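Below are the chains, spelled out letter by letter.
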Amino acid sequence: MRCDLTGQERAVMEDLAGRLAKTPPGLVDDPEWLEEARALCCHLPVRLLETVRRYRHDPGPEGVLVIGNLPVDTATLPPTPTVPGSVERTATVPASLAVLVTLTLGELVAYREEKSGALVQNVVPVLGRESSQSNAGSVPLEMHVENAFHPHRPDYVGLLSLRHDQDGTGGTITSSIREALPLLSDHDRDVLGRPRFATEPPPSFQASSHDAAPAGHPLLDGDPGDPNLKVDFFATTALDAEAAQAMSRLRTAFLETSRELMLASGEMVLVDNRVVIHGRASFTPRYDGHDRWLHRTFVSLDNRRTRAHRPGNGPVMN
Ligand SMILES: O=C(O)CCC(=O)C(=O)O
Ligand SMILES: [Fe+2]
């Protein structure tokens, strides 16, 4: 699914994001700023709201929605951050855009142990982390459901491109179980639907409170013909040999049906984290301030469902 903003719609977004960026205290994680963001997100161009509403009802076979022509002005962007764990606490125009679009889909959330619980996170390459299986790396990032280990993994992931890679590489890879499922045998589907797999927290989590050995879980659950998905091909292990073979064939099916999205500056992709896995192709960072830069946000659809994990009814989950 796609929605490219017209010039007029882009101007509306520019006005709303500009107003939000100027809202006191100008900090993304501040409750009063977020309150204003929730109000302003109801005023997005109606065609965009309709598209997001349709996408939330059913994300289509590919499970992703790309929104194009958002008003990111590369001329005024600061250099791409280079530090580990980089987040965007300041309510810049791009951060405001990411928040406004994300809030139309559901509740904006973050995880306390990841990127200091910031609601808008920077996806940037970090010197010395080239081979890390995290978004700071630049080797191929293995396909994963976001925070697959967590009992309340996000329902959607948002990625807004501020700056694309200088060589035009490092695309975001997505692949949908709706497209991969037909490539799997009934036997493999049955194995993947049983609790014969375990998933560790990703490297971006300081694993403190998740030290216990992860319990076995299925990779596919729900409607056998249109299942939900929970797998991270780096962090998930099969608990027996037959499960390992089925998981390997699942990975092959995902590779065969995957797409590479070269997000241009001002393009934002929303990924349905129940039906789509994502990853990233390799690229060569230069650490010169012009590297690939995305803002990442997470959506949870139901605040009550996650309440026990969110102290003070705030947006940050334990
Ligand atoms: O860099 C990307 O395109 C995606 C990285 C990723 O998986 C993430 O930030 O969750
Ligand atoms: Fe990810």
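Nothing here was measured: the structure is a model prediction, and the numbers come from that model.

Rules used throughout
- Residues numbered from 1 in each chain as written.
- Chains lettered and ligands numbered in written order.
- Predicted model: local features only at pLDDT ≥ 70, side-chain atom pairs only at ≥ 80, totals over all residues.
- Heavy atoms only, no water.
- Buried < 20%, exposed > 50% of the residue type's maximum accessible area, 1.4 Å probe, protein only.
- Helix = DSSP H or I, 4+ residues; strand = E, 2+ residues; numbered from the N terminus.
- Pairing = 2+ DSSP bridges.
- 1 Å grid on protein atoms, 1.4 Å probe; cavity = no way out; pocket = protein on both sides within 12 Å on 5 of 7 lines; lining within 4 Å.
- Points joined across faces, edges and corners; volume = space filled by probe spheres on them.
- Nonpolar A, V, L, I, M, F, W, Y, C, P; charged D, E, K, R; others polar.
- UniProt positions renumbered as here; feature names shortened; annotations may be inferred.
- Contact = heavy atoms within 4.5 Å.
- Polar contact = N/O pair within 3.5 Å; in protein donor to acceptor, adjacent residues only side chain to side chain.
- Salt bridge = Lys/Arg side-chain N within 4 Å of Asp/Glu carboxyl O.
- Disulfide = S-S within 2.5 Å.
- Near = heavy atom within 4 Å.
- Axes fitted to C-alpha atoms, helices over the stretch in contact; angles between N-to-C directions.
- Lys, Arg positive; Asp, Glu negative; His and termini not counted.

A. Structural context of the pairing of strand β13 (residues 268-272). Most of β13 sits out of view: 5 of its 5 residues are buried. Here strand β2 (residues 64-68) runs beside β13; their pairing, made up of 4 bridges, is antiparallel. Residue pairing for β13: I67 is matched across the bridge by M268.

B. Inspection of empty space enclosed by the protein at higher detail. Counted by the stated rule, this structure contains 2 cavities of 30 Å³ or more. Taken as a whole, the largest cavity spans an internal volume of roughly 70 Å³. Taken together, S161, H164, D165, T169, G170, G171, T172, L261, M262, L263, R292 and L294 make up the lining of the largest cavity. A per-class count over the lining of the largest cavity returns 4 nonpolar, 6 polar and 2 charged. There is about 30 Å³ of room inside the second largest cavity. When grouped by side-chain class, the residues that make up the lining of the second largest cavity number 5 nonpolar, 4 polar and 1 charged.

C. Here's a closer look at the UniProt feature "binding site: 2-oxoglutarate" (unreviewed entry) in the protein. Mapped onto this numbering, the UniProt entry gives "binding site: 2-oxoglutarate" (unreviewed entry) at T174, R292 and R296. Restricting the annotated residues just mentioned to those that line the largest cavity leaves R292. Assignment of secondary structure puts R292 in the loop between β14 (276-280) and β15 (293-300). Overall, the relative accessible area of 7% leaves R292 in the buried class. Setting aside residues up to four positions removed in sequence, R292 forms contacts with T80, V123, V124, P125, R163, H164, D165, G170, G171, T172, R280 and F283. A polar atom in the side chain of R292 sits 2.8 Å from the backbone oxygen of G170.

D. Main features of the pattern of salt bridges. Going through the model one piece at a time under the given rule, you end up with 21 salt bridges. Residues D29 and R89 are paired through a salt bridge, measuring 3.0 Å at the closest nitrogen-oxygen approach. Residue D29 is found in the loop between α1 (7-21) and α2 (31-40), and its partner R89 is found in the loop between β2 and α4 (93-105); the two are separated by 60 residues along the sequence. Residue D29 is classed as partly exposed on the basis of its relative accessible area of 24%. The salt bridge partner of E62 is R259, with a shortest N-O separation of 3.4 Å. Residue E62 is found in the loop between α3 (46-57) and β2, and its partner R259 is found in strand β12 (residues 259-261); the two are separated by 197 residues along the sequence. Its relative accessible area of 34% is what places R259 among the partly exposed residues. It is possible to trace a salt-bridge network through shared partners that takes in D155, D272, R274 and R305.

E. Geometry of the state of the cysteines. A complete count under the given rule lists 0 disulfides for this structure. Distance from the sulfur of C41, which forms no disulfide, to the nearest cysteine sulfur (C42) is 4.5 Å.

F. Layout of the site of ligand 1. All residues in the neighbourhood of ligand 1 are listed as V123, N135, L141, H144, E146, T172, H278, R280, R292, L294 and R296. Within the side chain of R292, one N or O atom sits 2.7 Å away from an oxygen atom of ligand 1. Taken together, the residues that form the shell around ligand 1 break down as 3 nonpolar, 4 polar and 4 charged.

G. Looking closely at the sheet that holds strand β5 (residues 141-144). Spatial ordering of the open sheet is given by β5-β14-β7-β12, a layout of 4 strands whose pairing is antiparallel. Pairing within the sheet leaves two strands with one partner each, and these edge strands are β5 and β12. Averaged over all adjacent pairs, the angle separating strand axes in this sheet is 20°, with direction ignored. Sheet strands in contact with helix α7 (residues 241-256) are β5, β7 (172-176) and β14, and its direction is about 100° off that of β5.

H. Geometry of the side chain of D165. You can see D165 is positioned in the loop between β6 (156-163) and β7. It turns out D165 is buried and unbridged, and the closest side chain with the opposite charge, R286, is 6.2 Å from it. When neighbours within four sequence positions are excluded, D165 is seen to be in contact with G170, F283, T284 and R292.

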